[in-house]
Amino acid sequence: MKTPAELFDFPLPEELIAQYPSETRGGSRLLLADRKGLVKDLMFGGITELIDDEYFLVINNTRVMNARLEGFKSTGGQVEVFLLNKLSSDSFTALTGGKVKEGTEVTVGEAVIRIEKFLDDGLRMVRFLTHTPEEVMERWGHVPLPPYIRRDDSAEDKIRYQTVYAKEAKSVAAPTAGLHFTEDTLGALKSKGVEVLEVSLDVGIGTFRPMKSEHLEDHHMHSEQYNVSGETADKINSLKKDGRKLICVGTTAMRTMESATDEKGITRSGSGSTDIFIRPGYEFRAADALITNFHLPKSTLFVLVCAFAGREFMLETYAHAVREKYRFFSYGDAMFIR
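Residues numbered from 1 in each chain as written. Predicted model: local features only at pLDDT ≥ 70, side-chain atom pairs only at ≥ 80, totals over all residues. Heavy atoms only, no water.

Asks: I'd like a rundown of the environment of Phe313, residues and numbers included.
Replies: Turning to its location among the elements, Phe313 is positioned in helix H8 (residues 311-323). Each C-alpha atom of the pair Phe313 and Lys101 lies 49 Å from the other, and the pair is 212 residues apart in sequence. The residues contacting Phe313, other than those within four sequence positions of it, are Ala33, Asp34, Arg35, Gly37, Leu38 and Val39. (Helix = DSSP H or I, 4+ residues; strand = E, 2+ residues; numbered from the N terminus. Contact = heavy atoms within 4.5 Å.)

Asks: Report on the side chain of His320, specifying residues and quantitative values.
Replies: With respect to the helices, strands and loops of the structure, His320 is situated in helix H8. Note on His320: relative accessible area 16%, which makes it buried. Discounting residues that sit within four places of it in the chain, His320 has contacts with Leu31, Val39 and Asp41. (Buried < 20%, exposed > 50% of the residue type's maximum accessible area, 1.4 Å probe, protein only.)

Asks: Quick one: what's the story with the packing of helix H6 (residues 251-260) against helix H7 (residues 300-309), residue by residue and with numbers?
Replies: Relative orientation of the contacting elements H6 and H7 amounts to 65°, with a least axis distance of 11 Å. The element H6 and its partner H7 pack so that their crossing is left-handed. Contact residues: H6 offers Thr251, Met254 and Arg255, while H7 offers Leu301, Leu304 and Phe308. (Axes fitted to C-alpha atoms, helices over the stretch in contact; angles between N-to-C directions. Left-handed = near helix turned anticlockwise from the far one by under 90°.)

Asks: Tell me about the sheet that holds strand E17 (residues 334-337), residues and numbers included.
Replies: Read from one edge of the open sheet, nine strands run E2-E1-E17-E16-E14-E3-E12-E13-E15, paired in mixed fashion. Looking at the sheet topology across the chains shown, the edges are occupied by strand E2 (39-43) and strand E15 (270-274). Strand after strand, the sheet turns through a mean of 25° between neighbouring axes, direction not considered. Strands strand E16 (289-293) and E17 of the sheet are contacted by H7, whose axis makes an angle of about 150° with E16. (Pairing = 2+ DSSP bridges.)

Asks: Before we move on, could you go through the pairing of strand E5 (residues 68-72) and cite the residues and values that matter?
Replies: Along any regular strand the residues' side chains alternate between the sheet's two faces. Both E5 and strand E6 (residues 78-88) contribute to a ladder of five bridges, which runs antiparallel. Note on E6: the bridge partner recorded for Phe72 is Gln78. In this antiparallel pair of consecutive strands, E5 and E6, the connection spans five residues, and Gly76 shows a positive phi of 100°.

Asks: Could you give an account of the packing of aromatic side chains, naming the residues involved and the relevant values?
Replies: Under the definition given, this model contains 14 aromatic pairs. Ring geometry for Phe44 versus Phe181: centroids 5.1 Å apart, planes at 85°, classification edge-to-face. With Phe44 in the loop between E2 and helix H1 (47-50) and Phe181 in the loop between strand E11 (169-171) and helix H4 (183-191), this residue pair connects regions lying 137 residues apart in the sequence. Relative accessible area serves as the criterion here: at 0%, Phe44 is assigned to the buried category. Relative to Phe328, the ring of Phe294 lies with its centre 5.0 Å away and its plane at 40°, an arrangement referred to as tilted. Residue Phe294 is found in the loop between E16 and H7, and its partner Phe328 is found in the loop between H8 and E17; the two are separated by 34 residues along the sequence. Considered together, Phe294 and Phe328 belong to a single accessibility category, that of buried residues. Each residue in the set Phe10, Tyr148, Phe294, Phe302, Tyr318, Tyr326, Phe328 and Phe329 is aromatic and connected to the rest through ring pairs, giving one cluster. Of note, Arg29 hangs over the ring of Tyr326, and the distance from its end group to the ring centre comes to 3.8 Å. Above the face of the Phe118 ring, Arg124 is positioned so that its terminal group lies 3.9 Å from the ring centre. (Phe/Tyr/Trp six-rings, centres within 6.5 Å; stacked < 30°, edge-to-face > 60°. Lys NZ or Arg CZ within 6 Å of the ring centre and 35° of its normal.)

Next up, the structure:
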């Protein structure tokens, strides 16, 4: 019997959708959701009191690209090019807004980009004719804020929509649970003996899209690239063997760990592509706890947290968050599920 997507819907007042980050990084609220049934309201700074050397963290160190490019055709028509995946040193897959055809050239700042080819699923292959993609994004690119943030990006977003540990720019959305961590918070955890290990998953545009299928089983996840180094895999396996509990910082870290870990609980190193869709009934191989933001109704990420903590408990916890006016989504508050 198929599982209706409607089971993962919940009412959410629009005013709770965060349009800006908290005043200071790490200044958000934190909802502790203990799977034994406890729910407690805290501030994110209190995370250091909840985590000791019984645990270790796995974080996603991907960096967000300034992937949204605003340009013009020779006719003067405006075109938006939203870069997705790098294909070569001068080409990307992309989405485009505005009327274009194969061969259309778009001027972005001083650069020229050609719409090279139409691909499946509304994607385009675009080629950079005069500048490197990295230079264009750095000089003229915009932060790809999610569509539910109804404002233009600002200079502040280039800082606050990145984690403090972000490295290689390959993502079109931030691993948002990590946005709450400051260098001081990470340092305080490390001083308590909490290991902090890095993996990477290049967050794609499909991760945050609501499900359009009536049943979970009919939804297809877009694949994303991940990497777990040999050193990190060895350390994870050693810590697990010692009885330490793995906290995934964000659903992207969880999806990486569940993709890289086999049925026996052994984490394998290497790069790969994952389209894993974690839903109720899934048997977790790696994750023992999760730090995450609050997710969209009927989204694959809300389904994931329901798989991890139980649907009824998550619906009750989210209802509590709504009553207490927690801030939702990418720039919103955090939850620690243990």
